[in-house]
Every structure is written in structure tokens, then in C-alpha cells.
Amino acid sequence: MRTEVVILQQPISVCVPPNHEVTLSVQAIGTGSLRYQWFDKQQTEVEGGTEPELTVTLQRTEKYICRVSDLYYNYQFTEWVKVRILDVPGVSRAWRGVPLIAIHPVCQKVKPGETFTLRCTALGKPTPTYQWYKNGHLLPKQTTETLSIENASADSAGSYLCAVSNALEERWSEAAEIEIAPPDQPPTPTLMATDKVALLIGNLNYNHHPGLMAPTMDVHELGNLLQQLGFRVVALLDLTLQEMQAAIDKFLQLLDRGVYAIFYYAGHGYEHSGRNYLVAIDAPRPYRTENCVCVQRVMHSMQERQAQLNVILLDTCRKWYKQKGPSSEIKPLAPLGNTVYGYATSEDAEAFEVQDGGKSTGIFTKYLNKHILQLERVTHVLEQVSADLGKDPLVRGRQVVEIRHTLTEPRALTDPVRTSGHTMELRRRDASWKQANVLPGRKCLNFQDCGVQIELSFSALFSNVLVVFGTVRNTSTVAQDCTLILESEPGMQDIFSASGRPEEIDSLLVSTGETPDSTLRLCCLQRLQGSLVIKVKLHYFHTETKEHLTQSRELDIGRPLIASCKLNRMRAVDRRQERCVHTVDHMANIRWPHHQNHPRPGQPYTRKAENKLQSSAKATSVSSNEPEENDENDSSGFTM
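Conventions we followed
Going along each chain's sequence as written, the residues are numbered from 1 onward. Restriction of local features to residues with pLDDT of at least 70 applies here, the model being predicted, together with a cutoff of 80 or more for giving and counting side-chain atom pairs; totals for whole chains, interfaces and linings are based on all residues. Hydrogens are left out, water is left out, and the side-chain values use all remaining heavy atoms of the structure. The pairing criterion for strands is at least two bridges between them, as found by DSSP. The helix and strand labels rest on DSSP assignments: H or I over at least four residues marks a helix, E over at least two residues marks a strand, and numbering proceeds from the N terminus. Lines are fitted to the C-alpha atoms to define the axes, a helix being fitted only along its stretch in contact, and any angle between axes, read from their N-to-C directions, falls within 0 to 180 degrees. Only heavy atoms matter for contacts: two residues are in contact if any of them lie within 4.5 Å across the pair. Relative accessibility under 20% of the residue-type maximum defines a buried residue, over 50% an exposed one, and the middle range a partly exposed one, all with a 1.4 Å probe and only protein chains included. Residues form patches when they are more than 30% accessible in relative terms and have no salt bridge. Like charges link within 9 Å. Nonpolar side chains (Val, Leu, Ile, Met, Phe, Trp, Tyr) link within 5 Å. Each accessible area is a Shrake-Rupley estimate made with a 1.4 Å probe; only the visible protein chains count as cover when residues are assessed. Whenever a carboxyl oxygen of Asp or Glu lies within 4 Å of a side-chain nitrogen of Lys or Arg, that contact is scored as a salt bridge. By the counting rule applied here, Lys and Arg register as positive and Asp and Glu as negative, while His and the ends of each chain are not counted. Each charge is placed at NZ for Lys, CZ for Arg, CG for Asp and CD for Glu. Per-residue confidence from the predictor is reported as pLDDT, which spans 0 to 100.

Here's the deal with the sheet that holds strand E24 (residues 275–279)
- Judged by pairing direction, the sheet is antiparallel, and its three strands sit side by side in the order E23-E24-E25 without closing on themselves. The open sheet is flanked by strand E23 (269–272) and strand E25 (292–294), the only strands paired with a single partner. Averaged over all neighbouring strand pairs, the angle between strand axes comes to 30°, with direction disregarded.
- Bridge count between E23 and E24: four bridges; the pairing is antiparallel. For His 272, the partnering residue across the bridge sits in E24 and is Arg 275.
- In this fold helix H2 (residues 241–252) packs onto E24 and E25, with an angle of close to 30° to the strand it touches most, E25.
- Its contacts with the sheet place helix H3 (residues 295–304) against E24 and E25, and it is angled at close to 50° to E25.

Structure below.
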């Protein structure tokens, strides 16, 4: 007589540390000899998992299920079972599965009306169960790892602990004391912005000066954080002087009354006659002030737009070159209490970047990113950055943050945006900002001769760096072994292909969804003169003709991202710059090594551009990092 397959004992979930051997087992009855097959959470057969017991050693959490079948095609599945991996150091090899509490609930001071959460997590074989208690009394239905209490009141105060148990033993967590803070005083009026905009520029691949590693990651990470704070961000890499000036002009068009504005720069820089200068990637060697962007001019223009908050953050050196004038000063148009300067370093000092653990970052921006999301006035945030940088052993005594401001109100980058009463201005700014951030839509190209469909999608890594992803969507019996190649017309420079690119840059260039069949990076879009055409080449094997064939399609995507702003047409080239460039024509063919003299991991590298004109006999030698004077005769400086 045949009987159905019946599961007598289900496998049991466990919670164990990494690399701990776990055996899952199932007991079942049925007619004749039973067969077993274990599957993982992807419903893939586990290799060798054909016995009632499955022994695994894991690095990360996994789920399993077992199918039990007989010779007559009857089968039953067990319940899903989880092997949870919890990284708890110091677990003895002799541990046999009794509950071992890894995370204890912690004491908290909670404001009335807030929600507080307590957590208790434990290892165990089987996975432990949880029961929460308050002041020694069991809390009904509170049987998970976390205990959340909403709308806290005086009755919520007390001592909380958790009982953790399994079939082997019961353990108790440490007690967590919950204190209810006295009610806050009536809140002060909330400061608000009518909009938030930010221009971020990172220069790394210099034509005549040592290259830098960190601006790429610095600009990318800071841009993401500012977007979380509600800023409209335009992030650009590797700009010439004309492009920097045009980008700043475009940025200034976004400023108006009530707007919070941030200008951030990472790259080479210096100080002259009390002014700070940002070195464009095409600045000659030696450069003059007219070959660079004057920071005080930028702030002056920001103030002319009467923005509510003007913040300039500079992760660049401030070495003096023929210093004759006064030290740097904030010189607003009028006594406006709305300006903040955050300098990565003090006057006549260098700013450093480091490579540590495979990641490149400017020391200043590293700590800026750490604190920028805090609900603190912007000057307090910079003070915390200064404190952390001052403790960093890599630059202690060599780099000190300098903060200057004229704030009269405790304005913070986290202040909310209120658009009521400013609708027209907001629409204008929104249209102008979108112009620099418009992405092409997802497109599908049909290769009718072979029945293949290619999907193109687009992502903005920066406002002037576009990533194109190509994916083979539909294939046919005619086309096999499809290979996809993406190209562009015109061909765009890939600034990430320079030698010495750190591995973390590649991590930014991968689609966050499924893995594409081909990827194309298009950089320096601000130099695009016309429409951008994506060329799609499909290589495949034709199963009927037995031939390897290639078909091509083209897609015109217009002027994506910053290319639509036509920065290369916004400003005429400064004739003074042209005269200065003529003085270094004999060096035009010298290409200075990118990222030269970079430190070993954990060692700092300066962001000071060497600026001494070498003799012809030594023109191709690599400069040291010692301060050198700029070959400048024009000391007129900046006239307000």
C-alpha cells in the first residue's frame, strides 16, 4: 500500500558566527526509498545536498529548503530554514549552540513623544527566541529582537531587559535604563531657504602640473550628501579656465534672495596678495593670476545675487607666491551676515590628500563628508571638521582648517526649503538647473535582420560624465553568441583611463541594477560642440548561414547633461591669458606625469601645484613638493 511522503521533523533555523559548521536535517516517511534534494534561496540545487542532512560552513546568511520524494513521484517540501550569520568576535570553537548575546540593549534618554528602540541579538542553535521585560514584568507580544516604544511618556521610563532562550538554555541581557527628558522649551522660529544650489568642481588631470587622485571621489561623495540635504547639485570634473568661468556664471544664475548657495572646489590652488586662486587644468607653467579663478571674485558675485547663505569650501593649498599684500579677508558688498569660508588649510600652508585602504580622499573633505549631514549651524559643522582634522596623525602640525564667516543667524545646511511666495523664481531656477542634469531616456534598438533588441540606459556619474549601459534584451534562434560594443561620435575623452586611477573609481562606473552587456563612459561633456551619437555594434553568430556577422545602429541623444548649457560658448577667452600662454609655447609638448610622487597608502600628498619655470635642460624632470615662487610680475591683485 502506497503512502504519501510525510515530513516528521522540519530542519531548524540557527544563528551562528561566520565559518561555523552547521548541520541541517530532515526526517520523513513514505513508500519505499526516499530521495532528498536541498535548494538554496535562489532555488538552485545545492551541490551534494542529496541526503537527509546538509552540512554547510557560511560567510553570509543563507536560506535552504529540502524536497523529499519517493519512487512514485510523490514529494513534499520542508519549510524554509535560515542559517543566519552574525559576525561576533571571540566565539569559542567549543561553543555548541547555547544562546550567546552579541548585542545588548543600551540606556537612552528620550524626549516626550519620541519613539525609542531597544535591540537584543544573540547566537544560538536553534535560533533563540526573545521575550522583553520592563521593571521585571513580562511585556505581552514583545517577542522579537527589537522593542519599539512610540510616543514616549513618563510611564515609558524604567528598566528594560530581554530573556533569550532556545532548547539548550536561557540567558538574560543587560538592563537598559530609559530616562524621559523634561519637555523642551518652545522651539525658536525655523530658519528656511527658498532653494538650495551647489556647484562642485574637482580638477585632477592637469596639463602642466602634477595630477591628483582624490577630487573624483571627493566631489562624488559630497554631491550625494548635498543631494540628501535637498541641494540642486552640479558636479563637474577637469575644467579649463574658460569652462570654470562659464560654469560659475551658470551657477550664479541660480542664485536669488533666500537661496542657500555652496561653491566647492578640490584641486590645485595657491594664495597671492591676500587672494585665493584656483588652478584650472589648462593653466600654463608658470601661471599668473589671470590663468586662474579668484575665489574672492566668486564670493563677490554670489553676494551680488543677494543669496541668503553663501558658503565657499576650498580643499586646496594656500601657499604664498611673492606674497606682498594683506592676508585674505571677506569683503562683501555691504555688511551682510551671510558668508562662510571653509578653508582646508591655513594661509601659506598646503592641503593634503591620502590613499588609505584603496580609497583616495582629501583630508579636509573626508571629515567634511563625515559631519555635513548634522543638524548644526554650518560654522559648527566646520568646527567639528577642524577638530577631527587636527587629531589626524597624518597631517597633525602640517594642515589646519581655517573658518571665516559673517553669519548673524544660526543657519544650517539642513534647514528646510519653503517655496511659497517664490514660485516664479523657483520655476526659473528649476528650468536652469535641469538644463545641466537632463538625461536621455531609456531607448530600445531593434536589429530586425537578426531579431535582436538592444536596450540603452543612461546614468549621470557627474554633470559632465555620462555612463551608457547596453543590454541585450531579446534574442532569437537565428542570432547566437551576441557581443555588444558601444562607441560614440564624436569620441569623448575618458579622464578615468589615466594611469594610477584608484580601484574605487571603477566602483562608481557600474550600474546599480542588473549587469549590462556593455558600458561606455563619456567624460568632459562640456566640450561637446554638437549632438552626441551612440554607435551600437552587435556581433553575433548566424545559426543558419554559420557566419559571424556584425550589424550597427546609431542613436542621436542630442546634448546630454552639462553639454546642453554650451559652456564653451558662454565666455570669450581672456586675451591676457592668451599672452601668458605664449610665454610658455616652448613647453607646449611637455606632458607632466599624472599623479606623480603619490604616497604609499596612508601617506599624505600635497595639493600644491608646482609653479617654477624649469630651465630647458631640466624641463622634463619631475618637480619636488617644496614650495616654489610663481613667476608673476603683475601684483595688482583683485580690485573690488
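Focus: the pairing of strand E27 (residues 339–343)
- In terms of burial, E27 is largely enclosed, as five of its five residues are buried.
- Neither face of E27 is left uncovered, since the one carrying Thr 339, Tyr 341 and Tyr 343 and the one carrying Val 340 and Gly 342 both have all their residues buried.
- In terms of strand pairing, strand E26 (residues 309–315) meets E27 through five bridges, oriented parallel. The residue of E27 that forms the bridge with Asn 310 is Thr 339.
- As paired strands, E27 and strand E30 (residues 402–405) are joined by four bridges and run antiparallel to one another. The residue bridging Gly 342 from the neighbouring strand is Ile 403, located in E30.

Some words on a positive patch on the surface
- A surface patch of like charges, here positive, comprises Lys 41, Arg 60, Lys 63 and Lys 82.
- Mapped onto the elements, Lys 63 comes out in strand E7 (residues 62–69).
- Its relative accessible area of 38% is what places Lys 63 among the partly exposed residues.

A look at the confidence of the model for the protein
- Counting all residues, the mean pLDDT for the protein is 83, and 82% of those residues have values of 70 or more.
- In the model, residues 572–597 has pLDDT below 50 throughout and makes 56 contacts with residues more than four positions away in sequence or in other chains.
- For residues 613–640, every residue scores under 50 in pLDDT, and the model assigns this stretch 70 contacts once sequence neighbours within four places are set aside.

Structural notes on unusual backbone geometry
- Going from Arg 285 to Pro 286, the amide bond is cis rather than trans, its omega being 5°.
- Residue placement: Pro 286 occurs in the loop between E24 and E25.
- Although it is not a glycine, Asp 348 adopts a positive phi angle of roughly 60°.
- For Asp 348, the location among the structural elements is in the loop between E27 and strand E28 (352–356).
- Using a relative accessible area of 32% as the deciding quantity, one classes Asp 348 as partly exposed.
- In this model, Cys 524 sits at a positive phi of 55°, which is unusual for a non-glycine residue.
- Tracing the backbone through its elements, the reader meets Cys 524 in the loop between strand E35 (518–522) and strand E36 (533–542).
- Under the relative-accessibility criterion, Cys 524 is labelled buried at 3%.

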